[in-house]
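One letter stands for each residue in the lines below.
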Amino acid sequence: MASHGFWSLGGDNAGANTGSQSPSTPRAWCQAAAQKLSGGFGSKLCALLNVGEVEKPGEPAAEQPPQTAAGSCGCNKSCTCTKGTDVGFSDLYSTDLLPAMDGDTKTMTFLQEVVDILLAYIVESFDRETKVIDFHYPNELLQLNNWELQDEPATLDDILISCRATLKYAIKTAHPRYFNQLSTGLDMVGLAADWLTSTANTNMFTYEVAPVFVLLEYVTLKKMREIIGWSDGRGDGIFSPGGAISNMYAMLLARFKMFPEVKEKGMSSVPRLAAFTSEHSHFSIKKGAAALGIGTESVICIKADECGKLIPADLERRILEAKQKGFVPFFVSATAGTTVYGAFDPLIAISDICRKYNIWFHVD
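The model shown is predicted, which means the values in this text are computed figures rather than measured ones.

Observations concerning the overall build of the chain
- Along the backbone of the chain there are 13 helices and four strands.
- In the chain, buried positions account for 28% of the 364 residues.
- Of the contacts formed within the chain by residues at least 6 apart in sequence, a portion of 59% connects residues at least 24 apart.
- Looking at the chain as shown, the accessible area adds up to about 23,800 Å², and 57% of this sits on carbon and sulfur atoms.

Shown next as structure tokens:
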């Protein structure tokens, strides 16, 4: 059965150009890629992966390919790509790129250099023999690199140097030896999507401005609602830029649900509110209370057990205690994976208590 893995590109017709090599070998794949991928991407990937750099002992020296003409891309076929175009970046600036007049060749060549830097970094990130991070203290990095904002614009050459330096000293989150609870790994399809959305560079406030992205947001949120059990995905939802603001959104919704008049009349129209969360919860709960004018002292922290999980009995006790003091309990935030312990609060037990006292239940 023919291989359909990573090296299978061009497997159907690569044999004609690779002699006795199997189409599934790295070198055959690269030769096929050099023919099929525009802009010399196949040749670049071969170089990055060091494919075919070392010949087997006893093998005759491979016949050298003919030298390409000046200005050609080196992909061994007639094309219009700009890889071989002699463009120096030391005297070019961002104003020389599109939409500048005659800026298309300069733009494509510059972006090709950026892509080369990114591809090299991706390959290096998955190499177990490399460092997860080339660590330097802040003062050392500032001395090694000129990152001060200048009065004069930077050349494109300076920008490329900064790109390389940024990745050189960055943490390789895709490295096999890198582990983190929030960011780890590199998904290639996700990376492609990130490049696509950055290239489109559109806002999403109306369908007319971003028709495809608005539709994708709609179908994704609908699917997420189906996953959590909402019939036919009915309901609504939004994406937010992070967990801290999501927790504040939840507190905002809880307050509006109980006291909708707060939208027009402000906090002076509502009684003293009380929110409840685990002593191991994220700092953003109190941060949200401060931003919404509820006050950090109105956030009551509930005891956690030896495993870091919120104790439901203590939650109910503190709710009753707050009601006796004249507070109005309106919000309980449980945590599904605390920052330090990775603990999951007993969500069902907490949900029963919130239902009993008619309190908004949020899970962070």
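Description of the environment of Asp314
- Among the secondary structure elements, Asp314 is positioned in helix α12 (residues 312-324).
- With relative accessibility at 8%, the residue Asp314 sits in the buried group.
- For the pair Asp314 and Cys301, spaced 13 residues apart in the sequence, the C-alpha separation amounts to 9.8 Å.

Considering the pattern of salt bridges
- With the rule as written, the count across this model stands at ten salt bridges.
- Linking Glu321 and Arg318 is a salt bridge whose minimum nitrogen-to-oxygen distance equals 3.3 Å. Residue Glu321 and its partner Arg318 are located together in helix α12, separated by three residues, close to a single helical turn.
- Arg318 sits in the partly exposed class, given a relative accessible area of 21%.

Focus: helix α8 (residues 211-227)
- The end-to-end C-alpha distance of α8, which contains 17 residues, comes to 25 Å, matching closely the 24 Å that a straight helix rising 1.5 Å per residue would cover.
- Along α8, the residues that are buried comprise Phe213, Leu221 and Arg225. Down the axis of α8, the smallest arc covering the buried residues is 110°, so these residues share one side. The outward face of α8, more than 90 degrees from its buried face, is lined by the exposed residues Val212 and Ile227.
- Buried residues along α8 sit in contact with α7 (188-200).
- Of the residues one or two after α8, Gly229 is the one with positive phi, at around 105°.

Describing the pairing of strand β4 (residues 360-363)
- Relative to β4, strand β3 (residues 328-334) runs parallel, the two sharing four bridges. By the bridge assignment for β4, Ser333 is matched with His362.
- Chirality of the crossover, the property in question, places the unit of β3, helix α13 (residues 347-357) and β4 among those that are right-handed.

Some thoughts on the packing of aromatic side chains
- Under the defined criterion, the tally for this structure stands at three aromatic pairs.
- Geometrically, the ring pair formed by Phe89 and Phe110 is edge-to-face, given 5.9 Å between the ring centres and 70° between the ring planes. Taken as a pair, Phe89 in the loop between α3 (41-49) and α4 (104-125) and Phe110 in helix α4 lie far apart in primary sequence, 21 residues in all.
- Given a relative accessible area of 9%, Phe89 falls into the buried group.

Examining the pairing of β3
- With six of seven residues buried, β3 lies mostly within the body of the structure.
- As judged from the five bridges shared by strand β1 (residues 273-278) and β3, these two strands associate in the parallel manner. Residue pairing across strands places Phe276 opposite Val332, the latter belonging to β3.

Describing the side chain of Thr130
- Topologically, Thr130 is positioned in the loop between α4 and α5 (138-144).
- The class for Thr130 is buried, based on a relative accessible area of 18%.
- Engagement of the side chain of Thr130 in a polar contact is seen with the backbone oxygen of Glu124, the distance being 3.2 Å.
- With sequence-adjacent residues up to four places away left out, Thr130 is seen in contact with Glu124, Lys172 and His175.

Re the confidence of the model for the chain
- Overall, the predicted model of the chain reaches an average pLDDT of 84, with 76% of residues at or above 70.
- In this model, residues 1-26 is a region of pLDDT below 50 whose contacts with residues beyond four sequence positions or in other chains number 30 contacts.
- Counting interchain partners and residues more than four positions distant, the pLDDT-below-50 stretch residues 51-84 has 32 contacts.

Considerations on the sheet that holds β1
- The four strands lie next to each other as β2-β1-β3-β4, forming an open sheet whose pairing is parallel. Since the sheet does not close on itself, it has two edges, and those belong to β2 (299-302) and β4, each with one partner. Taken pair by pair, the neighbouring strands of this sheet meet at an average axis angle of 25°, ignoring direction.

About the cut-offs
- Residues numbered from 1 in each chain as written.
- Predicted model: local features only at pLDDT ≥ 70, side-chain atom pairs only at ≥ 80, totals over all residues.
- Heavy atoms only, no water.
- Helix = DSSP H or I, 4+ residues; strand = E, 2+ residues; numbered from the N terminus.
- Buried < 20%, exposed > 50% of the residue type's maximum accessible area, 1.4 Å probe, protein only.
- Contact = heavy atoms within 4.5 Å.
- Areas by Shrake-Rupley, 256 points an atom, 1.4 Å probe, with all protein chains shown as cover.
- Salt bridge = Lys/Arg side-chain N within 4 Å of Asp/Glu carboxyl O.
- Expected span 1.5 Å × (residues − 1).
- Arc of directions from axis to C-beta.
- Pairing = 2+ DSSP bridges.
- Right-handed = clockwise from strand over helix to strand, strands pointing away.
- Phe/Tyr/Trp six-rings, centres within 6.5 Å; stacked < 30°, edge-to-face > 60°.
- Polar contact = N/O pair within 3.5 Å; in protein donor to acceptor, adjacent residues only side chain to side chain.
- pLDDT = per-residue confidence, 0-100.
- Axes fitted to C-alpha atoms, helices over the stretch in contact; angles between N-to-C directions.

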